[in-house]
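Report on the structure
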Amino acid sequence: MAAAESPGEGRMMEKIVSLCRRRGFLFQSSEIYGGMNGCWDYGPLGVELKRNVKDAWWRDMISAHDDISVLAGAPAAFEMVGLDSTILMHPQVWKCSGHYDLFHDMMVDCRESKKRYRFDQIRGRWVEAKGRRAFVAVIADADAEQEVAHARAMKFFNLRGKDADKLVWDGEFISLEDVGEVEEVLAPDAKTLGSLTEPREFNLMFQTNIGAVVDVESTAFLRPETAQGIFCNFKNVVDSSRVQIPFGIAQIGKSFRNEITPRNFTFRVREFEQMEMEFFCHPSQSSEWYRFWRDRRMAWYQAHGLSGEHLIMREHAEDELSHYSTGTADIEYAFPFLPPGSFGELEGIAHRGDFDLRSHSEGKLDPNSNPLVVELGENGKPKYKGSGKDLSYRDPVSNERFIPHVIEPAAGADRAALAFLCEAYCEDEAPDDSGKLQSRTVLRFHPRLAPTKVAVLPLVKKDGMPEYAQGLYRELKKEFPVFYDEKSAVGRRYRRQDEIGTPFCVTIDGETLSDGTVTIRDRDTMEQRRVKPDEVVEIVRRAMRT
Ligand code: ATP
C-alpha cells in the first residue's frame, strides 16, 4: 500500500470540500439562490456524521455515564443530567451574562466595496512597484495568500505577466492590526488605496423582535451560546431532579453569532451547534474537577480518532486567565486550512468560579473587579439587575449553603465533525477488479462516527445473490444504517464506500449460496474474510464500541 497522504499536505482542504459536496456531506445553504455566506446545510451523509458526533458526546456525558462509581481521575462520584432550553431567552439574560456589553469584535468597513471585515482576520504584505508602495490585504487561506496577493498587486500596478519581477515584496504576511498607515492599504475587495475605515466595535448577537410591535421593548436575541439556558435552569434542575453537587447539566443545541468574516468551511459559521456542559461543584474541589474535565475531554477526541500531532491541549497562561478562574484550556486541531504549525479551537474548558450563578442572581458582575462585585452604571446603581433569585445551593448533609463553582467544557459540533472529517481523509492505493493498484480516497472514520456502518453487495445481479443480499440488508438495517448496492463492478462499489468511510462491506457470492458464508471486507486494511451472516452484527458492534 502506498504511503497515505495526511492532512496539511497539498491542497487537502480543497479535496475535502469537493468530496463533501460530491458525496452529500455538506452543501452551501440556499445554493440555488447563489448561496448564503456563513451557513452550511448537512446532506444525507453529513447529517448522519454530525448526529453520530453529537450522540457520542451525549452518550459519554449523559446516557452511558456511571453515576455511582468514582471514575479514574475524579475526586468523587457525580451525576449528569440533560437539558434542552430555548434559543430565545429574556434579554436580561444576555445583559447579566456579559454578552450584551462584551460580545463584540473589532471590524472595519470598506468605503469602496461596502464590505465589512473582522479587523484581526485581514492579513497582507507590503509591495513596491513603479515607485509606489502598497499594503496588499487579503482574506485567504494561508497556502493561497501569496497567490491572491500577487494577482491583486499585478492588477493594482497595472503590470503584465512578463513584468511580474517589477513587484518588490517587502517582509512576510502580517496582520492588518500591525499596520499603521491605513491610507496605503489596498482593502481585500478594493481597487484603490485607503478605503478602509478605522476599526469599530460590532456586537455578534443576532437581534430580532418578539411580537407585533418593533421597538426597544420587543428586542430579543438569538442565543450566542447554549450555556446560559443551563445557568438559568440551575435551580429548576436541583429542585426537580434530586441531583446533588457535584453534578453536571449538558445541552446540545443551535447557537448564532453574526460573525463578520465567516470562513474556512464549517469552522467559523453564523449558525452552528454547540455541545456544552456546566459542572457544578463545591469551591474547594473546583480545581480538581477542572483538571478532571480537561483531561477527560481530550481523551474523548483521542478515543474518536483525533490524535498524534494534529491534536493539542493549550493551557492558558496565568496572565490570560480572569482572576476568578484557576484554569482554562483549549483543545485545538491542526486543520488543513491553517498555516503549518497553527491550530484552531475545537473546545474550551474553563473554570468559571461562581461568576455566572452570582451574575444571574445579584446583577451583572464586573469581571475585572477582585473580589467580584456587581458592576455599577453611570448613575451609581447596578448596571444590569439580576433575577433577584437565590441561586445558591444547600448541601443536604452538611447544611452548608454556598454558590457552586462551575467547570465548563464548551465544544462545537460542527467544528468537531469537520476535524473528524479532516483527520479521516486519506489517499492510498487499492487493487481494482483485475488486481491492478489504483489510487483510492478513503475516510477512515471511527466506526461509531461513520455515517453508514455496512454496505451489502451481491457480487453479481443473478443466481439468487440479490435476493440473499436484500434479506441480509433488511436484517442489518434493524441495527444500524446500512447501504445496499448492486450496481457496477464490485471493486468500484468498494471504492465508493471507502470514499464515504463505510467501515465494512459484506459481499454475497457463489460460496454464500453453497456454504452460507459471506465475505466481510475491512475498509482500512482491505482484508477480507468469510464469516457467517449472523456474525456481522456483532463484528460491527464490537468495532463501534472500541
Ligand atoms: P473562536 O475564538 O474560534 O471564535 P470562541 O472562543 O468564541 O471561539 P466559545 O464561545 O468558547 O468559542 O464557544 C465554544 C465552542 O463553540 C468553540 O470552541 C467552537 O467549537 C464553537 N464555536 C464558536 N463559535 C463558532 C462559530 N462561529 N462557528 C462554528 N463553531 C463555533
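The structure presented is a predicted model; accordingly, all values stated were derived computationally and were not measured.

Basis of the calculations
Residues numbered from 1 in each chain as written. Predicted model: local features only at pLDDT ≥ 70, side-chain atom pairs only at ≥ 80, totals over all residues. Heavy atoms only, no water. Near = heavy atom within 4 Å. Polar contact = N/O pair within 3.5 Å; in protein donor to acceptor, adjacent residues only side chain to side chain. Areas by Shrake-Rupley, 256 points an atom, 1.4 Å probe, with all protein chains shown as cover. 1 Å grid on protein atoms, 1.4 Å probe; cavity = no way out; pocket = protein on both sides within 12 Å on 5 of 7 lines; lining within 4 Å. Points joined across faces, edges and corners; volume = space filled by probe spheres on them. Helix = DSSP H or I, 4+ residues; strand = E, 2+ residues; numbered from the N terminus. Nonpolar A, V, L, I, M, F, W, Y, C, P; charged D, E, K, R; others polar. Domains from an automatic or database assignment. Contact = heavy atoms within 4.5 Å. Buried area = accessible area lost by both parts, 1.4 Å probe. Salt bridge = Lys/Arg side-chain N within 4 Å of Asp/Glu carboxyl O. Patch = residues over 30% accessible without salt bridge, like charges linked within 9 Å, V, L, I, M, F, W, Y side chains within 5 Å. Lys, Arg positive; Asp, Glu negative; His and termini not counted. Charge placed at Lys NZ, Arg CZ, Asp CG, Glu CD. Buried < 20%, exposed > 50% of the residue type's maximum accessible area, 1.4 Å probe, protein only. Pairing = 2+ DSSP bridges. Core = buried A, V, L, I, M, F, W, Y, C linked by side-chain atoms within 4.5 Å. Axes fitted to C-alpha atoms, helices over the stretch in contact; angles between N-to-C directions.

Moving on to the site of the ligand. The local shell around the ligand holds 14 residues, among which Arg-257, Glu-259, Arg-268, Val-269 and Glu-345 are the closest. Arg-257 places a polar side-chain atom, nitrogen or oxygen, 2.8 Å from an oxygen atom of the ligand. Take Gly-412: an N or O atom from its main chain is 3.0 Å from an oxygen atom of the ligand. When the free accessible area of the ligand is taken as 590 Å², the share hidden by the protein chains comes to 80%.

A word on empty space enclosed by the protein. Space left empty within the atom packing is revealed by a probe, the size of a water molecule, rolled over the atoms. Per the counting criterion, the structure on display carries one cavity of 30 Å³ or more. Volume-wise, the largest cavity comes out at about 40 Å³. Around the largest cavity, the lining residues are Phe-25, Leu-26, Tyr-42, Gly-46, Leu-49, Thr-266, Asp-414, Ala-417, Leu-418 and Leu-421. Secondary structure elements with two or more residues in the lining of the largest cavity: helix H2 (44-63) and helix H10 (413-424). A total of four residues in the lining of the largest cavity trace back to one element, the largest contributor, which is H10. Residues of the lining of the largest cavity, tallied by class, amount to seven nonpolar, two polar and one charged.

Our focus in this paragraph is the domain arrangement of the chain. Bring the parts together and some accessible area is lost; that lost area is often taken as the interface size. When its domains are assigned, the chain resolves into domain 1 (12-103 + 207-420), domain 2 (106-202) and domain 3 (452-545). A separation of 40 Å is found between the C-alpha centroids of domain 1 and domain 3. With seven residues of domain 1 at the contact, the number on the domain 3 side is six residues. Summed over both partners, the interface of domain 1 with domain 3 buries about 550 Å², with 44% contributed by carbon and sulfur atoms. It is Leu-19, Arg-23 and Leu-45 in domain 1 that bury the most area against domain 3; as a group they hold 65% of the surface buried on that side. Across the salt bridge formed by Glu-499 and Arg-23, the nearest N and O atoms sit 2.9 Å from each other. Applying the counting criterion to the domain 1 and domain 3 interface returns three residue pairs in polar contact (both at pLDDT 80 or more). Elements that contribute at least two residues to the side of domain 1 that touches domain 3 include exactly helix H1 (12-23) and H2. Residues of the side of domain 1 that touches domain 3, tallied by class, amount to three nonpolar, one polar and three charged.

Once that is clear, we can look at the side chain of Gln-497. With respect to the secondary-structure elements, Gln-497 resides in helix H12 (residues 490-500). Aside from chain neighbours lying at most four places away, what touches Gln-497 is Ala-455, Phe-483, Thr-502 and Cys-505.

Turning our eyes to something else, we now look at a positive patch on the surface. On the surface, Lys-461, Lys-487, Arg-492 and Arg-496 cluster together into a positively charged patch. For Arg-492, a relative accessible area of 57% translates into the label exposed.

Put simply, side chains in a regular strand alternate between the two faces of the sheet. Direction of pairing for strand S26 (residues 518-522) relative to strand S27 (residues 528-531): antiparallel, over a ladder of four bridges. Residue pairing for S27: Ile-520 is matched across the bridge by Arg-529. Taking the residues between adjacent antiparallel strands as the criterion, S26 and S27 are bridged by five residues, where Met-526 takes a positive phi near 65 degrees.

Counting 58 residues, the largest nonpolar core has Trp-293 and Tyr-301 as its most contacted members. In terms of residue count, H10 provides more of this core than any other element does, nine residues in total. Not counting residues up to four positions away in its chain, the partners in contact with Trp-293 are Met-61, Phe-78, Met-80, Met-277, Phe-279, Ile-349, Ile-407 and Pro-409. In this structure, Ala-469, Ile-520, Val-536 and Ile-539 belong to the second largest nonpolar core, which totals 21 residues.

This part takes up the sheet that holds S27. Read from one edge of the open sheet, five strands run S24-S23-S25-S26-S27, paired in mixed fashion. With partners counted over all chains shown, the strands left at the sheet margins are strand S24 (482-484) and S27, one partner each. In this sheet, neighbouring strand axes are inclined to one another by 25 degrees on average, regardless of whether the strands run parallel or antiparallel. Its contacts with the sheet put H12 on strand S23 (454-458), S24, strand S25 (504-508), S26 and S27, and the angle it makes with S23 is roughly 170 degrees.

Here the focus is the sheet that holds strand S10 (residues 200-203). A sheet is described by the order of its strands in space; here three strands give the open sequence S5-S4-S10, paired in antiparallel fashion. The open sheet terminates on both sides in strands that have one partner only, identified here as strand S5 (116-118) and S10. Strand after strand, the sheet turns through a mean of 50 degrees between neighbouring axes, direction not considered. One ladder, built from three bridges, connects strand S4 (residues 104-109) with S5; its direction is antiparallel. Across the sheet, the residue bridging to Asp-109 is Arg-116, located in S5.

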